[in-house]
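The lines below spell out each chain.
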Amino acid sequence: MRLALDEAGRAARGGDVPVGAVVLAADGTTVLAAGHNEREATGDPTAHAEVLAVRRAAARLGEWRLAGCTLVVTLEPCTMCAGALVQSRVDRVVYGARDDKAGAAGSLWDVVRDRRLNHRPEVIEGVLAGECAALLTDFFRAR
Ligand SMILES: [Zn+2]
């Protein structure tokens, strides 16, 4: 989560909402890829931290299945990212702050654990939640 927070800081410095993500390999420690929000930086509406990290991890592994991998993100994934996480077959999703307005991993929806889908990653929430949320609060307060 510390690495994801570093990534979130990079997003903020680029004028993007500070959300950062990393993908850990099946061994649970090797960092396969990282990403941060780049919507403003790239003008791409899908450039969320999780999507970028998952794409980079798949490119590094040379396949789309991220079986055994863990995605760590500072903010609860939105519906798009939750869908991408299900599609990537990650084993585990770890997030910091809840997103009561748009979260799709337990708050507004629970896409990642929807029993109608054939893949349901384990979800661990609330890791360094205070720090993750403070980064966002500070960012929006400064605007
Ligand atoms: Zn998202």
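This write-up is about the structure you can find in this document. (Residues numbered from 1 in each chain as written. Predicted model: local features only at pLDDT ≥ 70, side-chain atom pairs only at ≥ 80, totals over all residues. Heavy atoms only, no water.)

**With respect to the overall build of the chain**
This is how the line gets drawn: Each helix is a run of DSSP H or I of at least 4 residues and each strand a run of E of at least 2, with the numbering of both proceeding from the N terminus. Only protein chains enter the area calculation, which uses a 1.4 Å probe; residues under 20% of their type maximum are buried, those over 50% are exposed, and those in between are partly exposed.
Assigned secondary structure in the chain consists of 5 helices and 5 strands. Along the chain, helices and strands appear, N-terminal first, in the series α-β-β-α-α-β-α-β-β-α. For the chain, the spread of C-alpha atoms along the three principal axes comes to 40 × 30 × 25 Å. A total of 143 residues make up the chain; the buried ones form 47% of that total.

**What about the nonpolar core?**
The nonpolar side chains of a soluble globular protein tend to be buried with one another. Rule in force here: Here, the term nonpolar core denotes a set of buried Ala, Val, Leu, Ile, Met, Phe, Trp, Tyr and Cys residues that are joined through side-chain atoms within 4.5 Å. In this description, contact between two residues means that some pair of their heavy atoms is separated by no more than 4.5 Å.
Core analysis: the largest hydrophobic core is formed by 36 residues, its most contacted members being V23, L66, L71 and V72. The set of elements that each furnish at least two residues to this core consists of α1 (2-13), β1 (20-24), β2 (31-36), α3 (49-61), β3 (70-75), α4 (79-88), β4 (92-97) and α5 (129-141). When residues of this core are assigned to their parent elements, the largest contribution, 5 residues, is made by α3. Non-local contacts of V23, meaning those with residues more than four positions away in its chain, are made with T30, V31, L32, A33, A53, V54, A57, C69, T70 and L71.

**What about the side chain of D16?**
Put simply, the rule reads: Note that His is not counted, nor are the chain ends; the positive residues are Lys and Arg, and the negative ones are Asp and Glu. A pairing counts as a salt bridge when a side-chain nitrogen of Lys or Arg comes within 4 Å of a carboxyl oxygen of Asp or Glu. As used in this structure description, the phrase polar contact means that two N or O atoms lie within 3.5 Å; if the pair is within protein, one of them must be able to donate a hydrogen and the other to accept it, and residues adjacent in sequence are counted only when both atoms belong to side chains.
Take D16: it is sitting in the loop between α1 and β1. No salt bridge is formed by the buried D16, whose closest oppositely charged neighbour, R39, lies at an N-O distance of 5.1 Å. One polar contact links the side chain of D16 to the main-chain amide nitrogen of R39, over a distance of 2.9 Å. Within the local environment of D16, its side chain forms a polar contact with the backbone nitrogen of A41, the two atoms lying 3.0 Å apart. If we skip the residues at most four places from it in the chain, D16 touches A11, N37, E38, R39, E40, A41 and F139.

**Points about the coordination of the zinc ion**
Perfect tetrahedral coordination of a metal by four donors corresponds to 109.5 degrees between them, and perfect octahedral coordination by six donors corresponds to 90 or 180 degrees. Inclusion rule: Each metal's donors comprise the N, O and S atoms found within 2.8 Å of it (within 3.2 Å for Na, K or Ca). Water is not part of the atom list, so some coordination spheres may appear incomplete.
The zinc ion binds to the protein through H48 (ND1), C78 (SG) and C81 (SG), with metal-donor distances spanning 2.0 to 2.3 Å. Considered as a linear motif, the donors of the zinc ion on their single chain read H-x29-C-x2-C. C81 shares its class with C78; the two are buried.

**Considerations on the pattern of salt bridges**
Applying the stated rule across the entire model yields 10 salt bridges. Across the pair E38 and R56 runs a salt bridge, and its minimum N-O distance is 3.4 Å. Note that E38 is positioned in the loop between β2 and α2 (39-42) and R56 in helix α3, a separation of 18 residues in sequence. According to the relative accessible area criterion, R56 is partly exposed, its value standing at 36%. The salt bridge involving R116 is made with D114; its shortest N-O contact spans 2.6 Å. Because the salt bridges share partners, they merge into one network encompassing R98, D100 and E125.

**Let's talk about the environment of V19**
Mapped onto the elements of the fold, V19 is located in the loop between α1 and β1. Since its relative accessible area comes to 5%, V19 is described here as buried. In the structure, V19 is positioned 55 residues away from T74 in sequence and 5.7 Å away in space, judged by C-alpha atoms. Ignoring sequence-local partners within four residues, the contact set of V19 consists of A8, A11, G35, H36, N37, A49, V73, T74, L75 and L136.

Shape descriptors only; they carry no functional weight alone.
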